[in-house]
Amino acid sequence: MMQLVDLRGRRPSRAELIALVPRPETDPARAAAAAQALIDEVRSGGEAALLDQAARFDGVRPERVRVSGAELDAAVAGLAAPLREALETAIDRVRRASALQVPAGGVTVLEDGAEVEQRWQPVSRVGLYVPGGKAVYPSSVVMNVVPAQVAGVGSIALASPPQAGFGGAIHPTILAAAGLLGIEEVYAMGGAGAIGAFAYGVPGIGLEPVDLLTGPGNVFVAAAKRLVQGRVGIDSEAGPTEILVIADEAADPELVVADLLSQAEHDELAAALLVTDSPSLAEAVTALLPERAAATASAERVRTALTGPQSALVLVDDLDAAAAFSNAYAPEHLELMSRDPDALLALITDAGAIFLGATSPVSLGDYLAGSNHVLPTGGTARFSSGLGAATFLRSQQIVRYSRAALERSAGRIVALADEEGLPAHGEAVTARFARD
């Protein structure tokens, strides 16, 4: 069902591995022109443009874009008890796990009277995007809002597309999750238009521009985030979900299949990869996949994802080679289902989130592990991190020098300034002692 990549007997270099790893055929640049047009519509047309875009792309025209407090309260009140308890547990766990992501400030004393203070300052205002296409994602509300709150962000706005099935309202579970978290500024808007609204503001509905945009979305959302980057900060251009499972002969093929399917059901472009040094495990997984895939609720979507160019079964000689392949791929989600997952972990350098052993599936991280499920995709885990409290913080250095400490450094500053051909830099220091 999945393509076979047989690397046995080969030891490709890292560059060769990066070139041959399977990827979905997506490129936000292809959607840039359409995304820019939608952003421009919102900049010029405000709320009317957002409502027109909802009618065009979501199949419904909301009465208004801004969600009222009464709607949020009603959504919270309407939550079924088991779902409310699950959401509250997720909120608590993500909040506790995010707390460790806030760096401690400190002061470095370089000499008497010379010190540099390091402090971490939250951004003032963020816009959080929660997709609403093929599924409903209250978990994404939790994953975006909680770390922003832990970081100390003072102003948080949330957007999610209006739903035809709810008369143009945002899905009530999304609203309920926002309500549980105390978010009062919520907008029924989606796609590139929503990103433009956050970046530039919509005065007619009281939407002020944000400083930072976070949250996943489709290719048009990714393209829009790329277009507004620089005017505002973004977390990433999050692409389709990925799971890579490294497994040996000790792994249960039933569990491997279940985990591959759990991510393939997200999207036709979702990537599912098994990397193994066990031909017998590969054969068992290959035999199980078609039947299990056909039995899922989203069978056609799963089949498309698994047979696409982004999914593969990769055979390697040993787990060292498996780890090298995984590091080159840099998966969003990495599962280590081997006889000794901790030993295998020591070989892993590049991944968004890592799940150890048969009882730590990716689904746990999607909802209730306490980790964040907004993670780098498309190989960007080689140089970036998942969403966390640190995403919403800026490092600031505060310099305090006494007159005596500055005087002791003056000669060195002048020497460096003269070497660079910038004598006024040195003069700005020596001027402080000219009248002595």
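Residues numbered from 1 in each chain as written. Predicted model: local features only at pLDDT ≥ 70, side-chain atom pairs only at ≥ 80, totals over all residues. Heavy atoms only, no water.

- Under an unreviewed UniProt entry, the protein has the name Histidinol dehydrogenase and belongs to Naasia aerilata.
- For the protein, the Function (unreviewed entry) comment in UniProt is given as "Catalyzes the sequential NAD-dependent oxidations of L-histidinol to L-histidinaldehyde and then to L-histidine."
- According to UniProt, the comment filed for the protein under the heading Catalytic activity (unreviewed entry) is "L-histidinol + 2 NAD(+) + H2O = L-histidine + 2 NADH + 3 H(+)". (UniProt positions renumbered as here; feature names shortened; annotations may be inferred.)

Remarks on the nonpolar core
Turning to step 1, where the next piece is worked out: Val 126, Val 141, Leu 158, Ile 183, Val 186 and Phe 392 are the most contacted members of the largest nonpolar core, which totals 39 residues.
Turning to step 2, where the next piece is worked out: Among the secondary structure elements, those contributing two or more residues to this core are helix H3 (69-77), helix H4 (81-99), strand S4 (125-129), helix H5 (138-151), strand S5 (155-160), helix H6 (172-180) and strand S6 (185-188).
Turning to step 3, where the next piece is worked out: Residue contributions to this core peak at seven residues, all from H5.
Turning to step 4, where the next piece is worked out: Contact partners of Leu 158, with chain neighbours within four places excluded, come to Leu 128, Val 130, Val 141, Val 145, Ile 174, Ile 183, Glu 185, Val 186, Tyr 187 and Phe 198.
Turning to step 5, where the next piece is worked out: If you look at the next biggest cluster of nonpolar residues, it comprises 31 residues, including Ala 159, Ala 192, Val 202 and Ala 223. (Core = buried A, V, L, I, M, F, W, Y, C linked by side-chain atoms within 4.5 Å. Buried < 20%, exposed > 50% of the residue type's maximum accessible area, 1.4 Å probe, protein only. Helix = DSSP H or I, 4+ residues; strand = E, 2+ residues; numbered from the N terminus. Contact = heavy atoms within 4.5 Å.)

Things to note about the environment of Leu 128
Turning to step 1, where the next piece is worked out: When you line up the elements, Leu 128 lands in strand S4.
Turning to step 2, where the next piece is worked out: Residue Leu 128 is classed as buried on the basis of its relative accessible area, which comes to 0%.
Turning to step 3, where the next piece is worked out: Along the sequence, Leu 128 and Ala 389 sit 261 residues apart, while their C-alpha atoms lie 14 Å from each other.

Quick look at the UniProt feature "binding site: substrate" (unreviewed entry) in the protein
Turning to step 1, where the next piece is worked out: As recorded in UniProt, the sites labelled "binding site: substrate" (unreviewed entry) are Thr 241, Gln 263, His 266, His 333, Asp 366, Glu 420 and His 425. With the annotated positions falling across 185 residues, the maximum pairwise C-alpha distance of 56.6 Å shows that they are not confined to a single cluster. From this annotated list, the subset lining the largest cavity comprises His 333 and Asp 366.
Turning to step 2, where the next piece is worked out: A distance of 3.1 Å separates polar atoms of two side chains, one belonging to Thr 241 and the other to Gln 263.
Turning to step 3, where the next piece is worked out: Turning to its location among the elements, His 266 is positioned in the loop between helix H9 (253-264) and strand S10 (271-276).
Turning to step 4, where the next piece is worked out: His 266 gets classed as partly exposed once you look at its relative accessible area, which sits at 27%. (1 Å grid on protein atoms, 1.4 Å probe; cavity = no way out; pocket = protein on both sides within 12 Å on 5 of 7 lines; lining within 4 Å. Polar contact = N/O pair within 3.5 Å; in protein donor to acceptor, adjacent residues only side chain to side chain.)

Things to note about the pattern of salt bridges
Turning to step 1, where the next piece is worked out: Applying the stated rule across the entire model yields 20 salt bridges.
Turning to step 2, where the next piece is worked out: In this structure, Arg 11 engages Asp 318 in a salt bridge whose closest nitrogen and oxygen atoms are separated by 2.8 Å. Taken as a pair, Arg 11 in the loop between strand S1 (3-6) and helix H1 (14-20) and Asp 318 in the loop between strand S11 (312-315) and helix H12 (319-329) lie far apart in primary sequence, 307 residues in all.
Turning to step 3, where the next piece is worked out: Between Arg 303 and Glu 300 there is a salt bridge, with the nearest N and O atoms lying 2.9 Å from each other. Within this pair, Arg 303 and its partner Glu 300 are both found in helix H11 (residues 299-307), separated by three residues, close to a single helical turn. (Salt bridge = Lys/Arg side-chain N within 4 Å of Asp/Glu carboxyl O.)

So, the packing of aromatic side chains
Turning to step 1, where the next piece is worked out: Counting across every chain of the model gives zero aromatic pairs.
Turning to step 2, where the next piece is worked out: Its end group placed over the ring of Tyr 329, Arg 23 keeps NZ or CZ at 4.1 Å from the ring centre.
Turning to step 3, where the next piece is worked out: We note Arg 43 situated over the ring of Tyr 200; from NZ or CZ to the ring centre the distance is 3.8 Å. (Phe/Tyr/Trp six-rings, centres within 6.5 Å; stacked < 30°, edge-to-face > 60°. Lys NZ or Arg CZ within 6 Å of the ring centre and 35° of its normal.)

A look at the pairing of strand S13 (residues 353-356)
Turning to step 1, where the next piece is worked out: Every second residue of S13 is oriented toward a common face, the buried set being Ala 353 and Phe 355 and the non-buried set Ile 354 and Leu 356.
Turning to step 2, where the next piece is worked out: Where strand S12 (residues 333-337) lies against S13, four bridges are found, and the strand directions are parallel. By the bridge assignment, Leu 334 is partnered in S13 with Ile 354. (Pairing = 2+ DSSP bridges.)

Considering the packing of helix H2 (residues 32-58) against helix H7 (residues 191-200)
Turning to step 1, where the next piece is worked out: At a closest axis distance of 8 Å, the pairing of H2 and H7 adopts a crossing angle of 85 degrees. Judged by the inter-axis angle, H2 sits roughly perpendicular to H7. Judged by residue contacts, Ala 35, Leu 38, Ile 39, Val 42, Arg 43, Leu 50 and Gln 53 of H2 engage Ala 192, Gly 193, Ala 194, Gly 196, Ala 197 and Tyr 200 from H7. (Axes fitted to C-alpha atoms, helices over the stretch in contact; angles between N-to-C directions. Parallel < 35°, antiparallel > 145°, perpendicular 65-115°, else oblique.)

Quick look at the sheet that holds S4
Turning to step 1, where the next piece is worked out: Read across the sheet, five strands follow the order S6-S5-S4-S7-S8 without closing on themselves; strand pairing throughout is parallel. Each having just a single partner strand, S6 and strand S8 (233-234) make up the two edges of the open sheet.

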